Amino acid sequence: MDEVFGIAAFRSRQQVMNFEGALRRAGLRVKVISTPRDVAVGCGLSVRFEIADAGSVMQVLQKTRPGNLIGLYQVDRRGGGRPKLTVLARM
């Protein structure tokens with residue numbers, strides 16, 4: 001399946017849930033997913049968001065300043081094989 005999306009990876013499940021709520025309140029479509037193996041750091045959960053919303057996610061990030069954030073990543077699953085991971089922001 002070809003897809004490109006963003007994730008916010010955290011060290012704490014509580015922070016995942018808090019950030020997901022903040023993004024939903026900002027009107028963004030998000031969901032909690034298992035962190036892709038390529039990131040393989042943290043609590044095992046991440047917030048998935050549409051890559052087109054990355055700018056809005058960054059704005060919410062700056063406003064809320066969540067603790068335990070590992071970083072924001074773009075996950076590119078096009079062309080088969082292992083997904084390509086690109087860092088959007090690290091904390």
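The preceding data block contains the structure.
What counts, and where the lines are drawn
Every residue gets a number counted from 1 within its own chain, in the order that chain's sequence is written. Where local features are concerned, this predicted model is filtered to residues with pLDDT of at least 70; where side-chain atom pairs are given and counted, the filter is 80 or more; whole-chain, interface and lining totals use all residues. Just so you know, side-chain values use all the structure's heavy atoms and leave hydrogens and water out. Put simply, a salt bridge is a Lys or Arg side-chain nitrogen that is within 4 Å of an Asp or Glu carboxyl oxygen. Strands are runs of DSSP state E lasting at least two residues, helices are runs of H or I lasting at least four, and both sets are numbered from the N terminus onward. A 1.4 Å probe rolled over the protein chains alone gives each residue an accessible area, and that area as a share of the maximum for its type sets the label: buried under 20%, exposed over 50%, partly exposed in between. Strands were regarded as paired on the criterion that DSSP finds at least two bridges between them. Contacts are assigned to residue pairs with any non-hydrogen atoms lying within 4.5 Å of each other.

J.: How do you make sense of the pattern of salt bridges when you look at a structure like this?
T.: Pairs can form between side chains of opposite charge once their charged atoms are near each other. Counted according to the given criterion, the structure contains five salt bridges. Where Glu 3 meets Arg 48, a salt bridge forms, and the shortest distance between an N and an O atom there is 3.0 Å. One end of the pair, Glu 3, is in the segment before β1 (4-10); the other, Arg 48, is in strand β3 (residues 45-50), and 45 residues separate them in sequence. Just as Glu 3 is buried, Arg 48 falls in that class too. Between Arg 24 and Glu 20 there is a salt bridge whose closest N-O contact spans 3.1 Å. You can see Arg 24 and its partner Glu 20 sitting in helix α1 (residues 13-25), four residues apart, about one turn around the helix. Relative accessible area serves as the criterion here: at 46%, Arg 24 is assigned to the partly exposed category. For Glu 20, a relative accessible area of 13% gives the class buried. Where salt bridges share partners, they join Glu 3, Arg 48 and Arg 77 into one cluster.

J.: Looking at this structure, how should I read the pairing of strand β4 (residues 69-76)?
T.: Moving residue by residue along a regular strand, the side chains alternate between the two faces of the sheet. Among the eight residues of β4, eight are classified as buried, and the element is accordingly described as predominantly covered. Strand direction decides the pairing type here: β1 and β4, joined by seven bridges, are antiparallel. Paired with Gly 6 across the bridge in β4 is Gln 74. Across six bridges, β4 lies against strand β5 (residues 84-90) in antiparallel orientation. Counterpart to Gln 74 in the pairing with β5 is Thr 86.

J.: Help me out: how do you make sense of the side chain of Gln 15 in this one?
T.: The topology assignment puts Gln 15 in helix α1. In contact with Gln 15, not counting residues within four places along its chain, are Phe 10, Pro 66, Gly 67 and Asn 68.

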